[in-house]
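# Structural description and commentary
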Amino acid sequence: MNIAERLKDLFTSAEAKERKRRLLSESEVFCMAPWIQLHAQTNGKVSPCCMSFVTGGNELGDLRENPDLRESWNSKNMKQLRQNMLQSKKSSICTHCYEYEKVGKFSERMQYNRDFKNEYPRITATLADGTFKKLSVPVIDIRFSNKCNYKCRICDSDYSTLWYDEEKKIGRAGRLAPLTSKENKVANDELAFWQSYQSLLPEVKRLHFAGGEPLFMDEHYQTLEHLIAIGKTDVALSYNTNFSTLRYKQYNVVELWNKFKKVDVWASLDGMDERGDYQRKGQRWKTIEENIRMVKQQCPSVIFGVNATVSIFNVLHIPSFYKYLVEQQLVLPERMNLYLLFSPEYFNITNLTPALKQKAVQQFEELERSYLNTLPDSANIKNHIRSVITYMQSAEGNAQKEFQHWVKAVDNSREENFVSTFPELEEMMAENQFA
């Protein structure tokens, strides 16, 4: 804390300090995100963060209706969201964090409050109606389009261009909005959107990129080139990427990353070898490993980690996958996160049979007993594992028939075989297993 901060703290009332403590540490609804970040999904819907549950008109803005990103900063719904948080009222857009916290997971809401508590003066500067007048957005996360070079089993055409034709073939529609073409941009008026986006970059502190696949998007590289051109290389970059390629057209992303002080890369990896490649169609595990090692050697500014989405496909293999990543020095013990798959519902782990749930619990417990307890930095993964177990056991799913239907449909389309790839899950495909 510098001198100015100490002086300010000295003259801050005890009541104000207590309110700050309660909001940041005890509140079950308050989150810093609506005061520090703008996020937009591939369908143009604007929300406070990537965990937002956007439904029923609760979005903060719609870039396909109004391409000016800045208009979402003090939109009617944004102001109401801020008011709700300050008045301890829950908001539907925050549903996913509430669900995570129910199963004991350290949620994104908690993480924002921990990591951005230095931005708390924005709270005291907020007007009674929820307006925060200063148009300064420290964190921006825009999913420019659904362009992607994968078609993951748990995904769809809202997030991957490669899914479009296959979804039409098997009769499955995207979940977010009706698509009229393979590639859909976040805004219809790309020029107007780009101008509003660029206007916010001089003051941004962190830019997050995801997709689609951000390393396959022109807009991502144009953003980096713009930041370099205006001398804004002190901005922290962060990513969710399938990490399948480090080159795109004329660009070498390693060379660009080396111009920035901090790059936080989270690779979306749900498994390795045949099982991993089945889940994330387009993945070549050998290439992923090569890319990780190359970046670790050539790009010291990169902090690498793995985000795994836990589904029926991989829950039995998360323990061995984690152990492999750590032992091969591909990730540090604390740099792997487990995210629960809520949708599509038929792939989430509540649909497992009781026997498979028990097997998963046993494997996680064995991992903790024989391996995690020997590591110095395993608290994060232990928290994630406990939330996975709690969620898995919290309900008995009823979407097993849908699971069987869509697994078979995609298997037939791709000439793949679920049971031969996952023999340990054979009972999930048994015709008489589920009434």
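Let me begin by describing the structure that accompanies this report. These figures come from a predicted structure and were not determined experimentally.

According to the stated counting rule, one finds 31 aromatic pairs in the structure shown. Seen in terms of ring centroids, Tyr239 and Trp257 are 5.2 Å apart; in terms of plane orientation they differ by 65°. Their pairing is edge-to-face. In this pair, Tyr239 sits in strand β7 (residues 236-241) while Trp257 sits in helix α11 (residues 253-257), placing the two residues 18 residues apart along the sequence. Exposure class is identical for Tyr239 and Trp257. Each is buried. Consider the rings of Phe403 and Phe418, whose centres lie 5.6 Å apart with planes at 80°: the pair is edge-to-face.

This part takes up the sheet that holds strand β1 (residues 37-40). One open sheet accounts for nine strands, arranged β3-β2-β1-β4-β6-β7-β10-β12-β13; its pairing is mixed. With partners counted over all chains shown, the strands left at the sheet margins are β3 (61-62) and β13 (336-340), one partner each. When β1 meets strand β4 (residues 139-142), the two strands line up parallel, connected through four bridges. Looking at the pairing, Ala40 lines up with Ile142 of β4.

Regular strands place their side chains on alternate faces of the sheet. Here β4 shows a buried face lined by Val139 and Asp141 and a second buried face lined by Ile140 and Ile142. As defined by bridge partners, β4 adjoins strand β6 (residues 206-209) across three bridges and the pair is classed as parallel. In the sheet register, Val139 faces β6, and the bridge partner there is Arg206.

So, how was this worked out
- Residues numbered from 1 in each chain as written.
- Predicted model: local features only at pLDDT ≥ 70, side-chain atom pairs only at ≥ 80, totals over all residues.
- Heavy atoms only, no water.
- Phe/Tyr/Trp six-rings, centres within 6.5 Å; stacked < 30°, edge-to-face > 60°.
- Helix = DSSP H or I, 4+ residues; strand = E, 2+ residues; numbered from the N terminus.
- Buried < 20%, exposed > 50% of the residue type's maximum accessible area, 1.4 Å probe, protein only.
- Pairing = 2+ DSSP bridges.

Note that all results are geometric; they support no functional claim without further evidence.
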